[in-house]
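Here is how the chains run, residue by residue.
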Amino acid sequence: MRSLSLIFSGEERGIDPTDTINWSLMEEISHILAGTYVTALSNFLDLNILISTSYTMYDMFGSILNSLLTEMSCKTDFALLLNAEFLIKEEEIYGNILTLFDPASLDILLKRINGMLYQKFGQPEIYFYINI
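Calculation rules
- Residues numbered from 1 in each chain as written.
- Predicted model: local features only at pLDDT ≥ 70, side-chain atom pairs only at ≥ 80, totals over all residues.
- Heavy atoms only, no water.
- Helix = DSSP H or I, 4+ residues; strand = E, 2+ residues; numbered from the N terminus.
- Contact = heavy atoms within 4.5 Å.
- Core = buried A, V, L, I, M, F, W, Y, C linked by side-chain atoms within 4.5 Å.
- Buried < 20%, exposed > 50% of the residue type's maximum accessible area, 1.4 Å probe, protein only.
- Pairing = 2+ DSSP bridges.
- Patch = residues over 30% accessible without salt bridge, like charges linked within 9 Å, V, L, I, M, F, W, Y side chains within 5 Å.
- Areas by Shrake-Rupley, 256 points an atom, 1.4 Å probe, with all protein chains shown as cover.
- Salt bridge = Lys/Arg side-chain N within 4 Å of Asp/Glu carboxyl O.

Participant: Before we move on, could you go through the side chain of serine 42 and cite the residues and values that matter?
Facilitator: Mapped onto the fold, serine 42 is located in helix H2 (residues 20–45). The residues contacting serine 42, other than those within four sequence positions of it, are Leu47, Asn48 and Ile49.

In structure tokens:
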């Protein structure tokens, strides 16, 4: 996120994430990315997927992930992690998009993915685990 913010803000380095304008820029980029990825997933799976308001956090990755996993582990054992690649102004940026669906929604997504794999490949070699 910080790399994207640097590109969009035009600053060469040293972006201060606590600055109000920079924080707003990072939040807006997060909202656009979340909406874009969920819309693409919704279209690809032919499902109506709606998202709650995204929440932006700035901390060390391990700290953020630990707090999210602690919160979500009470509800589900699975999450959907998407790889992301951006090419902006000839600069490549790689990252991950972590989606945390409620258990019932994630089961529906995984069943749809399994169904698509079965339709395309018959007996797919790669199975997604579905918690039933």
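From this point, the discussion proceeds with the structure in view.
Participant: Can you explain the nonpolar core? Please cite residues and give values.
Facilitator: In this structure, Val38, Leu41, Leu45, Leu47, Ile49, Leu80, Phe101, Leu106, Leu109, Leu110, Ile113 and Leu117 together form the largest nonpolar core, which totals 12 residues. Top element by residues in this core is helix H4 (residues 103–121). It accounts for five residues. Those residues within four positions of leucine 80 in sequence are excluded, and the remaining contacts are Leu41, Ile97, Leu98, Thr99 and Phe101. Formed by seven residues, the second largest nonpolar core is a distinct cluster that contains Ile29, Phe86, Ile88 and Ile93.

Participant: Give me the lowdown on the pairing of strand E1 (residues 80–88), citing residues and values where you can.
Facilitator: Two faces make up the sheet, and in a regular strand the side chains alternate between them. Inspection of the sheet shows E1 paired to strand E2 (residues 91–99) by nine bridges, in the antiparallel sense. Looking at E2, one finds that leucine 81 is bridged to leucine 98. If you look at the hairpin formed by E1 and E2, you'll find two residues sitting between the two strands, and lysine 89 has a positive phi there, around 50 degrees.

Participant: So what about a nonpolar patch on the surface? Which residues, and what values?
Facilitator: A surface patch of nonpolar side chains, amounting to about 240 Å² of accessible area, comprises Leu81, Leu98 and Leu100. With respect to the element layout, leucine 81 can be found in strand E1.

Participant: An account of the environment of alanine 79 is requested, with residue identities and associated values reported.
Facilitator: Relative to the assigned elements, alanine 79 resides in the loop between helix H3 (61–72) and E1. For alanine 79, a relative accessible area of 40% translates into the label partly exposed. Considering only alpha carbons, one finds alanine 79 and phenylalanine 101, 22 residues apart in sequence, at a separation of 6.9 Å. When neighbours within four sequence positions are excluded, alanine 79 is seen to be in contact with Leu98, Thr99, Leu100 and Leu106.

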